[in-house]
Amino acid sequence: MQVRFLLGVPRVNKNMKYLFELGRHPKLSRAEIEHVFLRLHIQIQDTMLTPDGLIITPSAPLDPNYLMSQLGGTIKIAEEMAELKNPTTDIADYLIATTPTTKIQFSLSGKDARRIAMTVKKGLVSREKSVRLIEANNTATIIHNNLIERGADLTFTNGSLFVTRAVQPIEELSARDYGRPGRDARNGMLPPKLARMVVNLGISDCAIQKIKLLDPFCGSGTVLAEALLVGVANIVGSDLSDKAVSDSKKNIEWVRGESSDKPTSVHIFQCDVKKIQTHLKPKSVDVIVTEPLLGSPLTGKETREQLQKQTRELATLYVDAFKTFQKILKPGGTAVFIIPQFLHKNEWFKVGCVEEIKQLGFVPQPLTGSELSLLYHRPGQFIARNIWKFQLH
Ligand SMILES: C[S@@+](CC[C@H](N)C(=O)[O-])C[C@H]1O[C@@H](n2cnc3c(N)ncnc32)[C@H](O)[C@@H]1O
């Protein structure tokens, strides 16, 4: 057999590769991975974007389960097993070598996966194996069929076979989204996956055990909860609305209940963003991560004038918010801030505030490559979110 590792021979002179299957917003997922690697001091030797995800060659082996517990926008993390010269026979050999019983279950994605999988299946049957080919096009199927434990969720891409080691914990994410006690359907709640991504973009340069992170439009506390779960030491939330403050407190207690080992300090209070400096000491906050007021929920029937008025009002609010951030953020501190845009027929209405924010001393930071902002938009929605990261100079 060509594939050395299958015979238990360790690789020499070859760095391990990992395949990260990216979420629906691939650039955002990639930016998050890069920021998490920065925080965890993981050095990357090489990256390659393929239709099946981002292949990363780090300097040292990774812990896929730990990384998955940190990330919000990655669907799967798979480890390279080998470069395959003859995919159909090599994959069959791999499955036989790693399955102790005669019944083999597997799934295969990647280039030409359907044809290869069918040929592998036929080959295994001819070698008197009982085979079940699973169409695992979502993580639920992978989890349900124990494909991770079996080492049997495979991807063939870029000439190599990858074996999935970790998948997104969709049940936990969904419980945090729909199971939390304090909900506010009207103002909208950030999906926990997105909240986790923006938190990760904010904390990449920090020792999280020491920092103070603020969400001054905390709503139901989604950002605060995700910051707590990744282990940020000191979390502060505020909101104009008493209901939001009480929802955030309830939700944080609920999340904390499940992770009572986290020694995080949490402080949540009612306050207009323009007055936060009356509650917090000057230059005391390391990171701000927030999804601010996004305007009235849209139906698609608004007029251009209504949307123009809304974007003007939001621009004023956001610039005012940055005027207070300037007072409470430490020099060099960062603010990850979501700026919405609104769809009217085929035209997007944007909130023009970035130039004024820059004039206050905030410098936009590249999120991945040279991208200064990344768009998060779900089909059918009249709102899209632009994610920015500013650093106070
Ligand atoms: C889009 S929601 C934030 C949702 C939050 N990210 C979540 O996932 O729950 C915006 C929040 O901004 C708050 N808000 C509006 N105007 C404000 C102001 N001037 N100062 C502080 N909070 C404000 C609203 O009460 C609302 O809770």
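Residues numbered from 1 in each chain as written. Predicted model: local features only at pLDDT ≥ 70, side-chain atom pairs only at ≥ 80, totals over all residues.

K.L.:
Just checking my understanding: could you explain the overall build of the protein for this structure?
P.N.:
Per the secondary structure count, the protein includes 12 helices and 17 strands. Rg of the C-alpha trace for the protein: 24 Å, near the compact-globule value of 21 Å for 393 residues, within the 12% margin. Judged by the C-alpha coordinates and their principal axes, the protein covers about 75 × 45 × 40 Å. Relative to its full complement of 393 residues, the protein shows a buried share of 42%. Within the protein, counting contacts between residues at least 6 apart in sequence, those at least 24 apart form 76% of the total. (Helix = DSSP H or I, 4+ residues; strand = E, 2+ residues; numbered from the N terminus. Rg over C-alpha atoms; globule rule 2.2 N^0.38 Å. Buried ≥ 20, exposed ≤ 12 C-beta atoms within 10 Å, placed from the backbone. Contact = placed C-beta atoms within 7 Å.)

K.L.:
Would you mind showing me how to read unusual backbone geometry here?
P.N.:
Generally, phi is negative for residues other than glycine and the peptide bonds are trans, each holding for most cases. For Asn158, which is not glycine, the phi dihedral falls at a positive 50°. Residue placement: Asn158 occurs in the loop between strand E7 (153–157) and strand E8 (160–167).

K.L.:
I would appreciate a short explanation of helix H1 (residues 26–39) in the present structure.
P.N.:
Along an α-helix, residues three or four positions apart point the same way, because every turn accommodates 3.6 residues. Taking 1.5 Å as the rise per residue, H1 with 14 residues should run 20 Å; its terminal C-alpha atoms sit 20 Å apart, in good agreement. Where H1 is concerned, the buried positions are Leu28, Ser29, Arg30, Ala31, Glu32, Ile33, Glu34, His35 and Val36. Two residues or fewer past H1, His41 is found with a positive phi of approximately 55°. (Expected span 1.5 Å × (residues − 1).)

K.L.:
When you look at the packing of helix H8 (residues 192–202) against helix H9 (residues 222–230) in this model, what are you seeing that I'm missing?
P.N.:
When two helices pack together, their arrangement is given by the angle between the helix axes and the distance between those axes. Running from N to C, H8 and H9 point in directions that differ by 65°, and their axes come no closer than 8 Å. Crossing of H8 over H9 shows right-handed handedness. Contacts between H8 and H9 involve Pro192, Ala195, Arg196, Val198 and Val199 on the former and, on the latter, Thr222, Val223, Glu226, Ala227 and Val230. Class assignment for the residues of the contact of H8 with H9 results in 7 nonpolar, 1 polar and 2 charged. (Axes fitted to C-alpha atoms, helices over the stretch in contact; angles between N-to-C directions. Left-handed = near helix turned anticlockwise from the far one by under 90°. Nonpolar A, V, L, I, M, F, W, Y, C, P; charged D, E, K, R; others polar.)

K.L.:
Could you clarify how one ought to interpret the site of the ligand in this entry?
P.N.:
Looking at the ligand, there are 20 residues lining it, with Leu190, Phe217, Gly219, Ser220 and Thr222 nearest. Here the shell around the ligand is built from residues that sort into 11 nonpolar, 6 polar and 3 charged. (Near = placed C-beta within 6 Å.)

K.L.:
Explain the nonpolar core here, please?
P.N.:
Ranked by internal contacts, the top residues of the largest apolar core, which has 62 residues, are Val198, Val223, Leu224, Ala227, Leu228, Val289 and Ile387. Apart from residues lying up to four places away in sequence, Val289 is in contact with Val198, Val199, Gly202, Leu213, Asp215, Val223, Ala227 and Val336. (Core = buried A, V, L, I, M, F, W, Y, C linked by C-beta atoms within 7 Å.)

K.L.:
Is there a simple way to explain the domain arrangement of the protein in this structure?
P.N.:
The accessible area lost on association of the parts is a frequent measure of interface size. Here the protein is described as being made up of domain 1 (4–167) and domain 2 (175–392). At the junction of the two partners, domain 1 supplies 14 residues and domain 2 supplies 15 residues. Broken down by element, the residue count for the side of domain 1 that touches domain 2 peaks at 10 residues, all from H1. Residue composition of the side of domain 1 that touches domain 2, by class: 4 nonpolar, 5 polar and 5 charged. (Domains from an automatic or database assignment.)

K.L.:
Teacher, can you tell me more about the packing of H1 against H8 here?
P.N.:
Look at H1 against H8: their axes get within 8 Å of each other, and the N-to-C directions meet at 45°. The pairing of H1 with H8 is recorded here as oblique in orientation. Crossing of H1 over H8 shows left-handed handedness. Contact with H1, carried on its side by Leu28, Ala31, Glu32, His35 and Val36, involves Met197, Asn200 and Leu201 of H8 and no other residues of that element. Looking at side-chain class alone, the contact of H1 with H8 contains 5 nonpolar, 2 polar and 1 charged residues. (Parallel < 35°, antiparallel > 145°, perpendicular 65-115°, else oblique.)

K.L.:
I would appreciate a short explanation of the pairing of strand E16 (residues 373–376) in the present structure.
P.N.:
Residues in a regular strand point their side chains to alternate faces of the sheet. On E16, burial follows the alternation: Leu374 and Tyr376 on one face are buried, whereas Ser373 and Leu375 on the facing-out side are not. Relative to strand E17 (residues 383–392), E16 is paired through 4 bridges, and the arrangement is antiparallel. Considered in E17, the bridge of Ser373 is made with Trp388. Hairpin connection of E16 to E17: 6 residues between the antiparallel strands, including Gly380 at a positive phi of 90°. (Pairing = 2+ DSSP bridges.)

K.L.:
Sorry, what's going on with the sheet that holds strand E5 (residues 103–110) here?
P.N.:
In a beta sheet, neighbouring strands are held together by backbone hydrogen bonds and run either parallel or antiparallel to one another. The strand order E2-E3-E1-E4-E8-E7-E5-E6 describes an open sheet built from 8 strands, whose pairing is mixed. A strand with exactly one partner marks an edge of an open sheet, and here the two such strands are strand E2 (44–50) and strand E6 (130–133). Averaged over neighbouring strand pairs, the angle between their axes works out to 30° when direction is ignored. Most of the contacts of helix H3 (residues 87–98) go to E8, to which it runs at about 45°, and overall it touches strand E4 (74–83), E5, E7 and E8. On top of the sheet, helix H4 (residues 113–126) reaches E5, E6 and E7; it is set at about 160° to E5, its chief contact.

K.L.:
Sorry, what's going on with the pairing of E4 here?
P.N.:
Counting buried positions over the 10 residues of E4 gives 8, a clear majority of the element. Pairing between strand E1 (residues 18–22) and E4: 5 bridges, direction antiparallel. Looking at E4, one finds that Leu19 is bridged to Ala78. Here E4 runs beside E8; their pairing, made up of 7 bridges, is antiparallel. The residue bridging Ile77 from the neighbouring strand is Ala166, located in E8.

K.L.:
When you look at H3 in this model, what are you seeing that I'm missing?
P.N.:
The first and last C-alpha atoms of H3 sit 16 Å apart over 12 residues, in line with the 16 Å expected at 1.5 Å per residue. By the burial criterion, the buried members of H3 are Pro87, Asp90, Ile91, Ala92, Asp93, Tyr94 and Leu95. Looking at the packing, one finds that the buried side of H3 touches E4, E5, H4, E7 and E8.

K.L.:
Please explain the environment of Ile211 as it appears in this structure.
P.N.:
Take Ile211: it is sitting in the loop between H8 and strand E9 (212–215). A residue is classified by how many C-beta atoms lie within 10 Å of it, and Ile211, with 20 of them, is buried. Spatially, the C-alpha atom of Ile211 lies 7.7 Å from that of Val285, the residues being 74 residues apart in sequence. Those residues in contact with Ile211, other than ones at most four positions away along the chain, are Ile203, Cys206, Val232, Ala233, Asn234, Asp286 and Val287.

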